[in-house]
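# Structural overview for review
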Amino acid sequence: MLTTVPLIFATNNAHKVLEMKHLFGHSFQILSLKEAGIDIDIPEPFDTLEENAVEKCRVIFERTGTTCFAEDTGLEVEAMAGQPGVKTARFAGEHASADQNMDKLLLCMQNKTNRQAQFKTIIALMTVQGERHLFEGVCKGSILAQKQGDGGFGYDPIFLPQGHTRSFAQMSLDEKKAISHRGLAFEKLLRFLQKS
Ligand code: IMP
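Predicted model, so just to flag it, every value in this text is computed and none were measured.

### Considerations on the overall build of the chain
Helix and strand counts for the chain stand at five helices and seven strands. For the chain, the succession of helices and strands along the chain, N to C, is β-α-β-α-β-β-α-β-β-β-α-α. In terms of overall dimensions, the chain is globule-like: its C-alpha atoms have a radius of gyration of 17 Å, near the 16 Å expected for 196 residues. In terms of overall dimensions, the chain has a C-alpha envelope of 50 × 30 × 25 Å along the principal axes. Counting the 196 residues in the chain, one finds 47% classified as buried.

### What to know about the site of the ligand
Taken together, 15 residues lie around the ligand, and K16, D156, K176, H181 and R182 are the ones closest in. The backbone of Y155 places a nitrogen or oxygen atom 3.0 Å from a nitrogen atom of the ligand. Between the ligand and D156 there is a distance of 2.6 Å, counted from a nitrogen atom to a side-chain nitrogen or oxygen. If the ligand stood free it would expose 480 Å²; the protein chains cover 91% of that surface. The set of elements that each furnish at least two residues to the shell around the ligand consists of β3 (68-77) and α5 (181-195). Per element, the largest residue contribution to the shell around the ligand is three residues, and it comes from β3. Here the residues of the shell around the ligand sort into four nonpolar, four polar and seven charged.

### Focus: helix α2 (residues 49-64)
With 16 residues, α2 extends 23 Å between its outermost C-alpha atoms, agreeing within 8% with the 22 Å of an ideal straight helix rising 1.5 Å per residue. Buried within α2 are the following residues: L49, N52, A53, V54, E55, K56, C57, V59, I60 and F61. Against the buried residues of α2 lie β1 (7-9), β3, β5 (116-126) and β6 (132-143). Among the residues trailing α2, G65 stands out with phi positive, at a value near 65°.

### Side note on the pairing of β3
For β3, the buried fraction is high: nine of the 10 residues fall into the buried class. The pairing of β3 with β5 spans 10 bridges and is antiparallel. Paired with G74 across the bridge in β5 is K120. When β3 meets strand β4 (residues 83-85), the two strands line up antiparallel, connected through three bridges. When the bridges of β4 are listed, L75 appears paired with G85. Counting the residues between successive antiparallel strands, the hairpin from β3 to β4 contains five residues, one of them, A81, with a positive phi of roughly 55°.

### With respect to the packing of aromatic side chains
Summed over all chains, the structure comprises eight aromatic pairs. Taken together, a centroid distance of 4.5 Å and an interplanar angle of 80° make the contact between F24 and F186 edge-to-face. With F24 in helix α1 (residues 14-24) and F186 in helix α5, this residue pair connects regions lying 162 residues apart in the sequence. Grouping residues by exposure puts F24 and F186 together as buried.

### Some remarks on the pattern of salt bridges
A complete count under the given rule lists 15 salt bridges for this structure. Measuring nitrogen to oxygen at the nearest pair gives 2.3 Å for the salt bridge that ties E71 to K16. Of this pair, E71 sits in strand β3 while K16 sits in helix α1, placing them 55 residues apart in sequence. E44 is the partner of R90 in a salt bridge, and the nearest nitrogen-oxygen pair spans 4.0 Å.

### What to know about the side chain of Q118
Along the chain, the position of Q118 falls in strand β5. Its relative accessible area of 15% is what places Q118 among the buried residues. Within the structure, the side chain of Q118 is placed 3.0 Å from the side chain of K140, a separation counted as a polar contact. Once residues within four sequence positions are removed from consideration, Q118 is found in contact with G74, L75, E76, V138, C139, K140 and F159.

How each quantity is defined
- Residues numbered from 1 in each chain as written.
- Predicted model: local features only at pLDDT ≥ 70, side-chain atom pairs only at ≥ 80, totals over all residues.
- Heavy atoms only, no water.
- Helix = DSSP H or I, 4+ residues; strand = E, 2+ residues; numbered from the N terminus.
- Rg over C-alpha atoms; globule rule 2.2 N^0.38 Å.
- Buried < 20%, exposed > 50% of the residue type's maximum accessible area, 1.4 Å probe, protein only.
- Near = heavy atom within 4 Å.
- Polar contact = N/O pair within 3.5 Å; in protein donor to acceptor, adjacent residues only side chain to side chain.
- Areas by Shrake-Rupley, 256 points an atom, 1.4 Å probe, with all protein chains shown as cover.
- Nonpolar A, V, L, I, M, F, W, Y, C, P; charged D, E, K, R; others polar.
- Expected span 1.5 Å × (residues − 1).
- Contact = heavy atoms within 4.5 Å.
- Pairing = 2+ DSSP bridges.
- Phe/Tyr/Trp six-rings, centres within 6.5 Å; stacked < 30°, edge-to-face > 60°.
- Salt bridge = Lys/Arg side-chain N within 4 Å of Asp/Glu carboxyl O.

Have a look at this one:
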């Protein structure tokens, strides 16, 4: 049973670890890379979220041989033909800060009336038996004209989820969990783990 095995979450992003631990609650033990004693920068060399998520998972599975999962997320903006997409983290440059990325996106969107966008998350799971599974979560919304709120991380201050009046950065972890791309992909992962 997977339930007795700690799962390694293949990320160095402390915000994502916090969100995932919050999402999993007490159902499974989640170990971040740091907690698993693994100190590597995992590359994201591919052109799709799926390939990057699988690659991150594969690298950690090869090192540990234990059940692990990884995720890759992109922000797809309709007026920008789906960009920045897989390049979301590096939109304003290789080591750009969240503020630099958001500022660049706000500039690109300055005169755009269509502000529709979506976050997409792909989670790749590699089981201890070496089986690979993918789970997708999408959250539709729009790009705000300016930053709102100081919670969350990444592009949260400029993303307004559909049907809501507050940005992700103005929501609690519980509120974000219920509607977010990562929350939805995670629900699918959790359902899969629970019946495995
Ligand atoms: P990656 O999946 O770590 O490559 O992240 C891609 C980019 O999307 C990074 O700039 C993240 O900060 C951003 N990102 C990922 N998830 C979220 C989220 O839930 N809210 C806001 N930004 C996010």
